[in-house]
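# An overview of the molecular structure
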Amino acid sequence: MLRHFVRSLHTQPARLSSFRSSQPVQPLEAYPEVEVVHNPPEWKYVERLLPPSTVPEPVAKPTYPSGWQPQRANGDNSSGYFVARTKNHMVPVYLHTRFRGQRRLTVVRRVQGDIWALERDLRSIVEQARNGKLCATRVNELSGQIYIHGDYVDLLREHLKSKGF
Amino acid sequence: MAHLRESSEKALKLLRTLPRVQIGNLRPNPNSKQNDKRGRAQHGGDKHGAGNKGSGQRQNFMRLGYETGNQPFYLRFPYEPYYKGHHMRRQYPPISMLQLQVLIDTDRIDASQPIDIATLCNSGLLSLKPAEMQYGFQLTDDGLDNFKAKINIEVQHASEAVIAAVERNGGVIRTAYYDPRSLHILANPKKWFAKGIPIPQRMLPPQDAAEYYTDAKNRGYLANPEEISKDRLVLAQKYGYVLPRIEDDADYEMLTAAKNARQLFHGLEPGWLINLVDKTIVKLKTT
C-alpha cells in the first residue's frame, strides 16, 4: 500500500520501474481504439526530426556573419600547396596542449603538395606576429602535418582562410 | 683478409633474411625487470625489503588519512557544505551564439524551421546527456554582435542580452523545461521512434524551476503571452533597437510555431505512435 503511494508521488514513473512493476498485457478490449493513418499530413514533422545521414554541403550565401567561409582555392594554385577542409567544412588548424597546458602546439593538418613552402609561409607569419623572434616548427611530410610551437591557431586559421583554403 | 670479408658477407646475408629490429621482436634488458617472487630459503628469505624493526617490519599499512594518533587533517576543520546536493543540480551545457551562427552558416541547422533540442542534437555536432543531469542547452552571449540570423529557437536557459540579440534580428526565443525522459527522447528522436513506443507526455517543471519558466523576462514557456509581448518592447527600448514586427513578417507561421506545455515534438501529439518503416502514424480513434 505504502509502496503504491510512494510510486504515485514520483513524477517519473519510468525511472523506478522494472519488469516486475510493469503492467502485464491486458485483453485487447482494455486498450483504446486506434487507427493507422497512411500518408499522414504530419509526416513532414517526423521527417524534420530525422538526422541527415551525411554532412550536408553548405549552400552558397551572400554573407557569412560567423566568419566561416567556404573554400575558394583549388588544388592546383600557384603556391604549390593545398590545405584541404575537414569533413565538417572547417579549416584543419588545431591546438595541442601537453603538460597541463604548459606546452601548446599549433597543428596544421591535411596539407597536400609542397609542404615545405607552406611551412616557410606559416613560419614567416608567426615570426611577424612575434616581432621577429624565431619560431620552432616541425614538418611531418608523410602525414602532411605541420607542428608550430605556441598557440597561433586563430592567426594561422585566418591566414589560410584569406588565401582561400 | 679474405676469410674476414667472407664472414662479413655471410653475416650481412644472414641479416637480410632476419626481420627488422622493431618493438615486436625486442626483449627487455637483462636484470631490468624485478623478480615478483619472494625468496623463502636461507639467503633469499631475509627481510623481503620490509625493513628491520617495528611497524614497517610488520607491514602495517595504516588506513588512508590516519596520522598515528593526531586528529586527522580531514577531521580537523568544521564541515562547510559548499557543494551540497551538487549531484542533484540541473546542468545546462552552453552553446554560444557564434557556434549557433556557424551551424546556420554551414547548413548544419535549418534556420527556416523552429530550432529545439532535437534540431541541435541532429546537427551531429552537439550532444546532450540527460543521464548526467544535463537538462538542455543554455545559449551564451559569446559572438552576440555577429549574430544575424532570424530564428525561432527554444532553449532551456538564456540571459537577457541573448534574448535581446535574437529579438533584434526579428527572431523568437523561448525557454522551456523538459523532464529527463523527454530529454532522452529529444536527444535522439530516430532511436526513440524505432522502439515503437507511443510519444509520452512532457512533465511540468519541478517547483524550483517553475518560477524561471513562468517569468516573461526569461521568455518562459509558461509565462503569460501578453506579458511576453510587452516585455519584448521593454527590452527593445532598454537595448535601443527597433523591434521588428513579427505580424508583418513573411515567416510569421514559422516564428510563431510553439509547442504545447505537454508536447515533445512540433506538430506531433503525445500518445501517437510513429512507424518509420511503413511511414504511418498510429493515432487514437476519435469518435
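It should be noted that the structure appears before, not after, this text.
Residues numbered from 1 in each chain as written. Chains lettered and ligands numbered in written order. Predicted model: local features only at pLDDT ≥ 70, side-chain atom pairs only at ≥ 80, totals over all residues.

When helices and strands are counted, chain A shows 4 helices and 7 strands. Element order for chain A, N to C, with α for helix and β for strand: α-β-α-β-β-β-β-α-β-β-α. Taken over 165 residues, chain A has a buried fraction of 14%. Considering only contacts within chain A whose residues lie at least 6 apart along the sequence, 65% involve residues at least 24 apart. (Helix = DSSP H or I, 4+ residues; strand = E, 2+ residues; numbered from the N terminus. Buried ≥ 20, exposed ≤ 12 C-beta atoms within 10 Å, placed from the backbone. Contact = placed C-beta atoms within 7 Å.)

Let us look at the sheet that holds strand β7 (residues 145-149) of chain A. By way of backbone hydrogen bonds, the strands of a sheet pair with one another, either parallel or antiparallel. Residue and element names in this part refer to chain A. The 4 strands lie next to each other as β3-β4-β7-β6, forming an open sheet whose pairing is antiparallel. Unpaired on one side and paired on the other, β3 (93-98) and β6 (137-140) mark the two borders of the sheet. The average angle at which neighbouring strand axes cross in this sheet is 25 degrees, direction not considered. Note: β3 against strand β4 (residues 103-108), 6 bridges, orientation antiparallel. Each bridged residue has a counterpart across the sheet, and for histidine 96 the counterpart in β4 is leucine 105. (Pairing = 2+ DSSP bridges. Axes fitted to C-alpha atoms, helices over the stretch in contact; angles between N-to-C directions.)

Residues and elements named next belong to chain B. The strand order β1-β2-β4 describes an open sheet built from 3 strands, whose pairing is parallel. Lying at the two open borders of the sheet, with one neighbouring strand each, are β1 (94-96) and β4 (157-158). Here 2 bridges tie strand β2 (residues 138-140) to β4, and the two strands are oriented parallel to one another. Opposite glutamine 138, over in β4, you have histidine 157 as the bridge partner. Set on the sheet, helix α4 (residues 97-105) makes contact with β1 and β2; between it and β1 the angle comes to about 65 degrees.

Between chain A and chain B, the residue contacts involve 29 residues of the former and 32 residues of the latter. Looking at the side of chain A that touches chain B, the elements with two or more residues in it are β1 (34-38) and α2 (43-48) of chain A. If one sorts the elements of the side of chain A that touches chain B by residue count, β1 of chain A sits on top with 5 residues. Here the side of chain A that touches chain B is composed, by residue class, of 18 nonpolar, 6 polar and 5 charged. Summarising the sheet, β1 of chain A and strand β7 (residues 280-284) of chain B pair through 5 bridges and their orientation is antiparallel. Each residue of the ladder has a partner; that of histidine 38 of chain A, found in β7 of chain B, is threonine 280 of chain B. (Nonpolar A, V, L, I, M, F, W, Y, C, P; charged D, E, K, R; others polar.)

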